[in-house]
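What follows is each chain in one-letter form.
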Amino acid sequence: MSKTSKTAASAQIKRKHSDLKEKVNYHNERYHTHDKPEISDYDFDQLFSELLKLEEEYSGLDLTDSPSQRVGGDAIAAFKKMDHRLPMISLANSYNEEDIKEFNARIKKFLRNDKDVEYFAELKLDGLSMELVYEDGQLVRALTRGDGVTGEDVTHNVKTIKSIPLKISHKKLLEVRGEVLIDKKDFVEMNQAYEEAGQMVFANPRNAAAGTIRQLDPKIAASRPLKFFAYALGAYEGIIFDSQKDIEEKLAALKFPIIDRKFTECTSSEEELIEYYHRINQHRAQLPFDIDGIVIKVNSLSLQDDLGMVARSPRWATAVKFQPEQAQTVIENIVVQVGRTGALTPVAVMKPVKVGGVTITNATLHNQDEIDRKDVRIGDTVIVQRAGDVIPEVVQVILDKRPKNSEAFLIPTNCPTCGTKASKEPEEAVLRCQNPFCKSILIGSLIHFVSRRAMNMEKVGDKLIEAFVELELVQNFSDLYKLTDKDIQKLERQGEKSIQNILNSIEKSRQTTLARFIYALGIRFVGEQTAKLLADHYGTIENFMKTEAEELEKVPEIGEKVSATILKWLHDKRMQSEVKTLAKYMTFEAPKRNLEGKLTGMSFLVTGTLPVKRDVAHEKIEENGGKLLSGVSAKLSYLIVGEDPGSKADKAQSVGVKIISWEEFLELLK
Ligand code: IVH
């Protein structure tokens, strides 16, 4: 619509406009600045389209403070702000196949061209956009989008993303843009670990990625599974690109991760674009990461130039979003479950509802803070979705549908299983049952004990554990090893064959490693990695059981808090006798590492690019008795540095760790 055909806005329209501006600005800030959206993306897009439509239709509106004039929220103050050489614009959104047809028609009309236009279609990744600036072939800066003009310098965190090259072969300016995200599977694992440790969990992978990038301490980013995919450029010199496809291929050649070619489409056919849109939508749940639609770009860069911009977005591209996988249902009850760490977790039990092809009945509400924040009550009608396309999540209560005289839900202060008074540990959001004999804690602990990464009893599932505990056949870990076929016959529906399988799988688990065994014990804060370090350090279960604080704190990566928790566990008389009994059943495989070697007693960390592959370096260290650490601390004996060492070398210098080259390392072996 041209400017002259606009209608003059009445006072009423002006009011509506300022109301909309305020709303959009507010939600923009919630989403971009605080990572705490209050409405779904879909609802936000609706609001924003409404605003744009109004501005298109009427003249005389005040656009100076309209969110249509910029591209996002303000950058937060804690980080250094920096301007992008070229603004980071965002895409116009559309929602269905009609919109794809309209987009195609618009392009053709604008180009006054009857010939077919080639498009490049790809995934719309649901993470946060990032600009990587390379000068002289070095990554010198990473900026968030910020408001599109000014971003935040998050280089310290972005450098920890392993798939991002720190150095590239193109030696002139190159600004690479793309998306930082976390895979769904990694997100679930990461959240589980945080939940077990009683820490905050993230609502979805996007929030987890954004929250991580916003950290001041890069150690946190380094410990989280961030990924990056390149899909666009900022400024560049000394390199020629002729199409979107060419950009991505050249970026891939420069070693940037790009979206798998299985999931992109280069075509001039409208039907194929539509087919692509539906195909990706169908496949969405199976993708390793969250997407919220597809992006269609005119492939040729010279045509993109001709097409230029419209308002705040390029005319040559559009995002075609998917309908959100959300649904409405009613919360019939809120039950409180007790996990192996005693944590009391409120769970919403809902009227079954289908979301994205999967029926949802339960959703964790995490803790009292979350219940209060969302104000979730029994009887409420709520919107549910699958966070990360996997975990069911209550998004929002529909207050209009709240039954009269409903009451706020309070997690009981007594354990629902054993009735003991639960309590919070300092700085924790969750209530925990502290009764070591609580049946729920026992079941949870046993489930962990037999799990794949622990004792790996393949045929002993959750239901079986519950039955064993109910029948009092098993009251601690070692009881599992005392089970006979007569015992198992007491359970319903267990045939000869399956009884034998169960017993075999218990028997098989006796051959294990010390690391698995320590992990299986389920000591708080002792995850797989810590268990490995403990096993390495102590060598035998006896040594570990009789350790004292001083010795424990020598173990890499174990600080005061973890040490205190481990000691409390080890000093518990019941645990001591239980471990003694258990140990009699075990045959520990010798660790693969050679404990006696030239490097015994020394620890190493490798950083930068070495003349040999990382794995080879690690193997060399371990086969000579050296230990590998994952971070720089005073406990590290040597930091081996290659090319482009990054921040680890600085840190090592500041804490006085010896820094050596690969050649110097090889000298140590002589
Ligand atoms: S192209 C000029 N390609 O969507 C267009 N953007 O509203 C530059 N996004 O902020 C962006 N996947 O965070 C592009 N394959 C993709 C994308 C993508 C996700 C995000 C990006 C941007 C927003 C655009």
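For the structure given in this document, a descriptive report is provided here. Not measured: the values here are computed from a predicted model.

## Focus on the overall build of the protein
- Check the secondary structure of the protein and you find 24 helices and 28 strands.
- Oriented by its inertia axes, the alpha-carbon framework of the protein measures out at about 90 × 75 × 50 Å.
- Relative to its 670 residues, the protein shows a buried fraction of 49%.
- With an accessible surface of roughly 33400 Å², the protein has 50% of that area assigned to carbon and sulfur atoms.
- Treating the 95 positive side-chain charges of the protein as one cloud and the 102 negative ones as another, the clouds have centres 2 Å apart.

## A closer look at the packing of helix H12 (residues 439–450) against helix H13 (residues 462–470)
- Between H12 and H13, whose axes approach to 10 Å, the crossing angle comes to 135°. By the angle between their axes, H12 is oblique relative to H13. Our pair here, H12 against H13, has a crossing hand that is right-handed. Facing H12, whose interface residues are Lys439, Leu442, Ile443, Leu446, Ile447 and Val450, H13 presents Asp462, Ile465, Glu466, Val469 and Glu470.
- Here the contact of H12 with H13 is built from residues that sort into 7 nonpolar, no polar and 4 charged.

## Quick notes on the pairing of strand E27 (residues 638–641)
- Of the two faces of E27, the one holding Tyr638 and Ile640 and the one holding Leu639 and Val641 are both buried throughout.
- The pairing of E27 with strand E28 (residues 658–660) spans 3 bridges and is parallel. Bridging from a neighbouring strand, Tyr638 pairs with Lys658 of E28.
- Handedness of the E27-helix H23 (residues 647–655)-E28 crossover: right-handed.

## A few points about the sheet that holds E27
- Spatially, the 4 strands line up as an open sheet ordered E26-E25-E27-E28, and their pairing is parallel. On the outer flanks of this sheet lie strand E26 (627–628) and E28, each paired with one strand and no other.
- Sheet strands touched by helix H22 (residues 614–623): strand E25 (603–607), E26 and E27. Its angle to E25, the strand with the most contacts, is close to 170°.

## Topic: the site of the ligand
- Around the ligand, a shell composed of 15 residues is seen, among which Leu91, Glu122, Leu123, Arg145 and Glu179 lie nearest.
- The backbone of Leu123 places a nitrogen or oxygen atom 2.9 Å from a nitrogen atom of the ligand.
- Within the side chain of Arg145, a nitrogen or oxygen atom sits 2.7 Å from an oxygen atom of the ligand.
- Protein burial of the ligand: of its 520 Å² of free accessible surface, 90% is covered by the chains.
- At the level of elements, strand E5 (119–125) and strand E12 (291–298) are the ones that each hand at least two residues to the shell around the ligand.
- If you tally residues by element for the shell around the ligand, the top one is E5, at 4 residues.
- Its residues assigned to classes, the shell around the ligand comprises 8 nonpolar, 2 polar and 5 charged.

## So, the packing of aromatic side chains
- Following the criterion strictly, the structure yields 13 aromatic pairs and no others.
- Here the aromatic rings of Tyr134 and Phe256 are separated by 5.3 Å at their centres, their planes lie at 85°, and the arrangement is edge-to-face. Highlighted residues: Tyr134 in strand E6 (residues 128–135) and Phe256 in the loop between helix H8 (244–253) and strand E11 (265–267), separated in sequence by 122 residues.
- With a centroid separation of 5.5 Å and 15° between ring planes, the pair formed by Phe604 and Tyr638 is classed as stacked. Taken together, the positions of Phe604 in strand E25 and Tyr638 in strand E27 put the pair 34 residues apart, joining distant regions of the chain. The two residues Phe604 and Tyr638 agree in class, both being buried.

## Some words on the nonpolar core
- Formed by 54 residues in total, the largest nonpolar core has its most connected members in Phe449, Phe468, Leu480, Leu534 and Ile566.
- Contributing elements (two or more residues each) for this core: H12, H13, helix H15 (496–508), helix H16 (514–520), helix H17 (528–538), helix H18 (541–545), helix H20 (560–571) and helix H21 (573–585).
- Per-element accounting of this core gives the leading share, 6 residues, to H16.
- With 38 residues, the next largest nonpolar core counts Leu139, Ala142, Ile182 and Ala208 among its residues.

## A word on the environment of Ser509
- Along the chain, Ser509 turns up in the loop between H15 and strand E23 (511–512).
- Look at Ser509 and you get buried, because its relative accessible area is 3%.
- Apart from residues no more than four positions distant in its own chain, Ser509 is found in contact with Met455, Met457, Tyr481 and Met586.
- Among the polar contacts listed, one links the side chain of Ser509 to the backbone oxygen of Ile506, at a separation of 2.7 Å.

## Description of the pattern of salt bridges
- Scanning all chains against the criterion turns up 34 salt bridges.
- Between Lys16 and Glu50 there is a salt bridge, with the nearest N and O atoms lying 3.9 Å from each other. With Lys16 in helix H1 (residues 11–33) and Glu50 in helix H2 (residues 41–57), this residue pair connects regions lying 34 residues apart in the sequence.
- For the salt bridge of Lys262 with Asp260, the shortest nitrogen-to-oxygen distance reads 3.5 Å.
- Residue Lys262 is classed as exposed on the basis of its relative accessible area of 58%.
- Taken together, the shared-partner salt bridges in this structure form one network comprising Arg85, Glu135, Arg141 and Glu175.

## Quick look at the environment of Val469
- When you line up the elements, Val469 lands in helix H13.
- Separated by 367 residues in the primary sequence, Val469 and Glu102 place their C-alpha atoms 63 Å from one another.
- Excluding residues that lie within four positions of it along the chain, Val469 makes contacts with Lys439, Leu442, Ile443, Leu446 and Val474.

## Concerning the pairing of strand E16 (residues 326–338)
- In the sheet, E16 pairs with strand E17 (residues 344–355) via 7 bridges, with the strands oriented antiparallel. Across the sheet, Val336 pairs through a bridge with Pro346, a residue of E17.
- Hairpin geometry of E16 and E17 is characterised by an intervening segment of 5 residues between the two adjacent antiparallel strands and by a positive phi of about 85° at Gly342.

## Section: H21
- All buried positions along H21 are accounted for by Glu578, Val579, Leu582 and Ala583. What you see down the axis of H21 is that its buried residues fit within an arc of 135°, all on one side. Summarising the geometry of H21, the exposed residues directed more than 90 degrees from the buried face are Lys573, Lys580 and Lys584.
- Turning to H21, the residues buried within the fold contact H12, H16, H18 and H20.

## Quick look at the sheet that holds strand E10 (residues 226–236)
- Taken in spatial order, the 4 strands make up an open sheet running E7-E6-E9-E10, and their pairing is antiparallel. Of all the strands in the sheet, the pair left with one neighbour each is strand E7 (138–144) and E10. If you compare each strand with its neighbour and ignore which way they point, the axes differ by 30° on average.
- Relative to strand E9 (residues 174–182), helix H6 (residues 205–213) is tilted by about 125°, and along the sheet it contacts E6, E7, E9 and E10.

About the thresholds
Residues numbered from 1 in each chain as written. Predicted model: local features only at pLDDT ≥ 70, side-chain atom pairs only at ≥ 80, totals over all residues. Heavy atoms only, no water. Helix = DSSP H or I, 4+ residues; strand = E, 2+ residues; numbered from the N terminus. Buried < 20%, exposed > 50% of the residue type's maximum accessible area, 1.4 Å probe, protein only. Areas by Shrake-Rupley, 256 points an atom, 1.4 Å probe, with all protein chains shown as cover. Lys, Arg positive; Asp, Glu negative; His and termini not counted. Charge placed at Lys NZ, Arg CZ, Asp CG, Glu CD. Axes fitted to C-alpha atoms, helices over the stretch in contact; angles between N-to-C directions. Parallel < 35°, antiparallel > 145°, perpendicular 65-115°, else oblique. Left-handed = near helix turned anticlockwise from the far one by under 90°. Contact = heavy atoms within 4.5 Å. Nonpolar A, V, L, I, M, F, W, Y, C, P; charged D, E, K, R; others polar. Pairing = 2+ DSSP bridges. Right-handed = clockwise from strand over helix to strand, strands pointing away. Near = heavy atom within 4 Å. Polar contact = N/O pair within 3.5 Å; in protein donor to acceptor, adjacent residues only side chain to side chain. Phe/Tyr/Trp six-rings, centres within 6.5 Å; stacked < 30°, edge-to-face > 60°. Core = buried A, V, L, I, M, F, W, Y, C linked by side-chain atoms within 4.5 Å. Salt bridge = Lys/Arg side-chain N within 4 Å of Asp/Glu carboxyl O. Arc of directions from axis to C-beta.

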